[in-house]
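Chain by chain, the residues run as shown.
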Amino acid sequence: SQPLDLRLPTPGCYNDPERAGLDAKSVFDGMTEHLFFTLGKLAPTASRHDLYMALSYAVRDRLMMRYLATTEAMRAHPQKSVAYLSAEFLIGPQLNNNLLNLGIQQEAEAALRNFGIESLQQILDVEEEPGLGNGGLGRLAACYMESLASLKIPATGYGIRYEFGIFDQLIRDGWQVEITDKWLKGGWPWELPQPDEACFVGFGGRTESYIDDKGSYRSRWIPAEHAIGIPHDVPVLGYRVNICDRLRLWRADATESFDFYAFNIGDYYGAVEEKVGSETLSKVLYPNDGTDEGRRLRLKQQHFFVSCSLQDMLRSLDNRGLPVEDFPKYWTVQLNDTHPAIAVAELMRLLIDDRHMDWDKAWDITSRSVAYTNHTLLPEALEKWDLNLFSSLLPRHLELIYEINRRFLQQLRLRYPGNDAIQRKLSIIDEDGSKAVRMAHLATIGAHHVNGVAALHSDLVKTDLLPEFAELWPEKFTNVTNGVTPRRWVALANPELSTLLNEHIGEDWISNMENLRKLEERQNDQGFLEHWGNTKLSVKRKLASYIHRNTGVLVDPSTLFDVQVKRIHEYKRQHLNVLQVITQYLRIKNGQADGMAPRTVIFGGKAAPGYYMAKLIIRFINGIAETVNADPDMDGRLRVVFLPDYNVKLGEQVYPASDLSEQISTAGKEASGTGNMKFAMNGALTIGTLDGANVEIRELVGAENFFLFGKTVEEINDLKRSGYNPGAFINAMPELQEALRLIEMGHFSNGDSELFRPLLDNLTGHDPFFVMADFADYLRAQEAVSLAWTDRMHWNRMSLLNTARTGFFSSDRSIGEYCENIWNVGPLNVDITCDVR
Ligand code: C3B
C-alpha cells in the first residue's frame, strides 16, 4: 500500500500559520463547517454547547496531522514506545489544553467573536470533564501523558473508557449525595472509536492440557465467556511540538458470536443478557480511592483492559513485521499501581499459549518489559484477590502464577536455605487465613524496576513494605518523585500569574520549569512583590465569586484563603483542620483572637460512597461551616466553605487562588501528594507534616518558607510502640477539650449530640491517625501562619520563592527520570510540513 503522504493536504505551509490552519480565519471556517456538516446546525441558532462542539472538532482536526504524522513516523522508523497501563486517567477538560498546546487560544477567541461570543471562557465553561479517575493516581497518569507528548516520547496510555466516571457530588443537609456521572450525554468530541482494532478477552471456564505438533505437553484456556474491547483513542498533544501521543481507552462490547448462537436457538433474552453482562464491564469506575474493594467485576475490568492492551502491543509488532522476541526493544510497559499487575501473567500467557514460546524466553521478555510503580503503603489498599474468585475468573492465569511463584520460591530457597518464614512472607500466594493472590508481589517479581512516588515513600517501600524483596534485588528499587504538568496547572489554570511570569522572565518556564528560578532576582523588589500580591488578589476575587454563586457564602478576597482540597480520608486528616477551625472560633468568641489572621477556610473533596467515617467528616465540615458562617461575631474574621463536587475543573480555579495549602496527613501515610505541588507552584505556602513530597517541597523552597509541624514517621512509630493514648494529649490541651465538648454538646449540629459521636469516639478512643498527638503543634504552626500574614510584603516574598523554587515538581522532570532510569526511551522526531509556531 502507498504510504500516507502527509504533505498533501497542506503543501508548503511550513511556518505559515495561515496555511497550517492555525489562524483565526481557518478556525472560524472549521467551526462553520462542523456546525453545518457534523452537528447539523446553523450558526445563528447555535447554542453554546453547539459552539463548544464545533470548536472542539475544529481543534481536533488540527491535532490529526500531528497524530497521524506520529503514527506514520513510528511505522516507518520503529523505536521504543511507552505503554502506560492505568485503570484511571483523570484528564480533565480538553479544549483549552489543546488550544494552549497548539498555540491558538487567541485565534479561537477571535473565531468565537464572529459567533457573538465575547470570551473563550464562556465556551470553556460548557465543557464536561471525563471523570475517569478518583484522585491523585488518575490525575498523575494524565499529567504524565501530557509530559510524555511534550518531551516527544512516543507513548500510549492504556485504560478503560468508563461510561460513568467518578460520581458527581451534591451536598444535601450537609451530607454527601452521589449522582451518576453522565459525562457522555452531550457527546464527547475528543475520542475516535476504532472498531477495526477490537480485541477479544476471555473469562472463566477451565484449562486443559494437550500435546502440540512437536509432541510437547501444553496447557490451554477454554474461557466460558468473552468480551470485545473497542478502542477509543484520545489524541494527547504536547506543548508546541509536532508529536501527538494517544490515550487508548477500551470500551467493552458483547461478543457477536454468543448473541447469534443464543438467538438461533431461540433464547433471545439469554442473548440480550450476555450482551448486557459484558457491556457492564466498562460501565462504571470504582469510586474508592486507596481502598481495595475486592469485587469480582473489578478484577474483570483489570484483566479486560490489560489483555486488550497487551494484544494491541503485540499486534503493533506484527503489523510492522517486527519479531515478538523484540517486544522489550519496542515496548516498555509501566504498571500504574497494582491495578494492571495481571499484565505479568497475561503477557506470559499470550507468549506461551498464543505464540508458543518456551517459559524461559517468555519470562525473559516479560521481566525485561514490565516495571511497577507503587502508590501507597496503606495495607487496605494493597490488592489481594481471593484465590477462589481468582481461579474461577482466570484459571489459566492462576496456573501461570503458580509456576512463576514456584520458580521464585526455588530461587529464595537457594538464597536463604531453611528459611521457610521468608518464603511464606514473599510468596505471591498469601496462605494466612483464606488464601489470596498478592498483586504487589506478582508485580514486584515480574518487574525490572519498582519505584515509589516520593523520596520518603520510596524509602518506606524498601524498609517497611517490601524489605525482603529490596534485600533480594536492591538494584530493582528506585524513586521517581511525582510531578504535575505546568501547562495545565499554571499556564492554563492561572493566566494572571502566567502573564506576570511571561513579562518578567520570558515564556521558557512553560517547557522548562527550572527557569522559574529567575524570579528569585525579584525577591527584594518591593514593586514587584506588590504586583505579585495584587495578581493573587485578582485570582482570589474570581474564586470568591464562584463560591458565592455555588454555595451562597460571601467571602472576602482580602482574607487568607486557607485551602484543603483532596479526597476525604482519615489519613489526610480534614478533621484535624476542622478542630483547629473550632479553636479559632472559640478564641474569637472569647475575645482572645488578637493577631489572628482573618481567614476563609475552604474544603473540597469526595468521599468513597462506602466509607462511613469520610462521609461523616464531610457532614462535620458542613456543620461547622453552618454555625460559623451564621454567627455575626465571625464576620470579617472567619468563614468556612465546603465546595461541592471537587474535580479537575474546580481544581484549576482553586490552586491559583490559594494562600495556604493544607498538607497535613499523618507522617508515612501520604505516598507523595500532587496537589501540594500545584499549590506551591501557584505561590501558596504550605502548612504540612514531613510526609510524602512535602519533605522535598520544604527542602527546595527552604524551611523558612514552609510551616512545618507534626510528628515524624519515627516519632509516630515510637508512639505506636509505646501504646498511644490520645487521652493524654487531650488532657494537656484545655482548648482542645473545650472544642471536643462543644461538638459533643451538639453545638455544630443543632443540638444533636449523637451526630458526630462516632467521630469523637474514634478520636478520643484509639485515634488511628494521631490527630490528637499532632494537634498542639498544628495549632502552633497555624499561629505562625497568622503572624506571617500580618507582614504582607514578607508573605509575598515567601510566596514568590515557592513559585521560583518548585520547578523540580514539573512532570517533565519526572518523565525525564522514568525515560532515563527505567524505560530507556528517547524522543521521536516528527517532521511535518506544518510546524507549530
Ligand atoms: C495516590 C496517593 O495517595 C498520593 O499520595 C499520590 O500522590 C498519588 O497516588 C500519585 O502517586 N493514590 C491514589 O490516588 N489512589 C490509590 N489507589 C493509591 C494511591
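The model shown is predicted, which means the values in this text are computed figures rather than measured ones.

The helix and strand tally for the protein chain stands at 33 helices and 23 strands. Counting the 837 residues in the protein chain, one finds 62% classified as buried. Considering only contacts in the protein chain between residues 6 or more positions apart, those separated by 24 or more positions represent 77%. Split by element, the accessible area of the protein chain, about 31,500 Å² in all, is 50% carbon and sulfur. Here the protein chain carries 87 positive and 112 negative side-chain charges, and the mean point of each set is 1 Å from the other.

Together, Phe36, Phe37 and Leu42 make up an exposed nonpolar region whose accessible area comes to about 380 Å². Locating Phe37 in the fold gives a position in helix α1 (residues 24-38).

Turning our eyes to something else, we now look at the pairing of strand β18 (residues 560-565). Counting buried residues along β18, six of its six residues qualify, which places the element largely inside the surrounding structure. Neither face of β18 is open: one carries Leu560, Asp562 and Gln564, the other Phe561, Val563 and Val565, and all of them are buried. Looking at chain direction, β18 and strand β19 (residues 599-604) are connected through six bridges and run parallel. By the bridge assignment, Val563 is partnered in β19 with Ile602. Running through helix α22 (residues 574-589), the crossover from β18 to the neighbouring parallel element β19 is right-handed. One ladder, built from two bridges, connects β18 with strand β21 (residues 660-663); its direction is parallel. Of the residues in β21, the one forming a bridge with Val563 is Ser661.

Reading across the sheet, the six strands line up as β20-β19-β18-β21-β22-β23 and stay open at both edges, with parallel pairing between neighbours. Only two strands of the sheet have a single partner each, and these edge strands are β20 (638-643) and β23 (707-708). Looking at chain direction, β19 and β20 are connected through six bridges and run parallel. Bridge pairing links Ile602 to Val641 in β20. Taken strand by strand, helix α23 (residues 612-630) contacts β19 and β20, and its axis lies near 145° from that of β20. In the packing of helix α32 (residues 792-804) onto the sheet, contacts are made with β18, β21, β22 (685-688) and β23, and the angle to β22 comes to roughly 85°.

Attention now moves to the site of the ligand. Lining the immediate environment of the ligand, one finds 15 residues, of which Leu137, His375, Asn482, Glu670 and Gly673 sit closest. Here an oxygen atom of the ligand and a backbone polar atom of Gly136 are 3.5 Å apart. Here an oxygen atom of the ligand and a side-chain polar atom of Glu670 are 2.6 Å apart. In the complex, 92% of the free accessible area of the ligand, which totals 420 Å², lies under the protein chains. Classifying every residue of the shell around the ligand by side-chain character gives five nonpolar, eight polar and two charged. Each of domain 1 (78-93 + 129-481) and domain 2 (498-809) gives at least three residues to the shell around the ligand.

With that settled, the discussion passes to helix α21 (residues 526-551). The first and last C-alpha atoms of α21 sit 36 Å apart over 26 residues, in line with the 38 Å expected at 1.5 Å per residue. Within α21 the residues assigned to the buried category are Phe528, Leu529, Trp532, Gly533, Thr535, Lys536, Val539, Lys540, Leu543, Ala544, Tyr546 and Ile547. Between the side-chain oxygen of the N-cap and the backbone nitrogen of Gly527 there are 3.1 Å, and the N-cap of α21 in question is Asp525. Taken from the residues just after α21, Gly552 is the one with a positive phi, measuring 80°.

Our focus in this paragraph is the packing of aromatic side chains. Taken as a whole and judged by the stated rule, the model has 21 aromatic pairs. Where Phe36 meets Phe37, the ring centres are 5.0 Å apart and the plane angle is 70°; that geometry is what we call edge-to-face. Under the relative-accessibility criterion, Phe37 is labelled exposed at 65%. Measuring from centroid to centroid gives 5.6 Å for Phe408 and Trp473, while their planes differ by 45°, and the two rings are tilted. Within this pair, whereas Phe408 is found in helix α14 (residues 395-415), its partner Trp473 is found in the loop between α18 (467-472) and β17 (477-479), the two being separated by 65 residues in sequence. Comparing Phe408 with Trp473, the two get one shared label, buried.

Turning to α1, a few remarks are in order. Side chains that are three or four residues apart share a direction in an α-helix, a result of its 3.6 residues per turn. Look at α1: 20 Å from first C-alpha to last across 15 residues, which is about the 21 Å you get at 1.5 Å a residue. Restricting attention to buried positions, one finds in α1 the residues Ser26, Val27, Gly30, Met31, His34 and Leu35. Buried positions along α1 lie against α2 (48-76) and α4 (105-113). With its phi angle positive at about 65°, Gly40 sits one or two positions after the end of α1.

A few words on the environment of Pro609. Of note, Pro609 is situated in the loop between β19 and α23. Using a relative accessible area of 30% as the deciding quantity, one classes Pro609 as partly exposed. Among residues more than four places away in sequence, those in contact with Pro609 are Phe167, Glu178, Pro287 and Lys615.

Here is what the cut-offs are and how they apply
- Residues numbered from 1 in each chain as written.
- Predicted model: local features only at pLDDT ≥ 70, side-chain atom pairs only at ≥ 80, totals over all residues.
- Heavy atoms only, no water.
- Helix = DSSP H or I, 4+ residues; strand = E, 2+ residues; numbered from the N terminus.
- Buried < 20%, exposed > 50% of the residue type's maximum accessible area, 1.4 Å probe, protein only.
- Contact = heavy atoms within 4.5 Å.
- Areas by Shrake-Rupley, 256 points an atom, 1.4 Å probe, with all protein chains shown as cover.
- Lys, Arg positive; Asp, Glu negative; His and termini not counted.
- Charge placed at Lys NZ, Arg CZ, Asp CG, Glu CD.
- Patch = residues over 30% accessible without salt bridge, like charges linked within 9 Å, V, L, I, M, F, W, Y side chains within 5 Å.
- Salt bridge = Lys/Arg side-chain N within 4 Å of Asp/Glu carboxyl O.
- Pairing = 2+ DSSP bridges.
- Right-handed = clockwise from strand over helix to strand, strands pointing away.
- Axes fitted to C-alpha atoms, helices over the stretch in contact; angles between N-to-C directions.
- Near = heavy atom within 4 Å.
- Polar contact = N/O pair within 3.5 Å; in protein donor to acceptor, adjacent residues only side chain to side chain.
- Nonpolar A, V, L, I, M, F, W, Y, C, P; charged D, E, K, R; others polar.
- Domains from an automatic or database assignment.
- Expected span 1.5 Å × (residues − 1).
- Phe/Tyr/Trp six-rings, centres within 6.5 Å; stacked < 30°, edge-to-face > 60°.

Function cannot be read off these values alone, since they describe shape.
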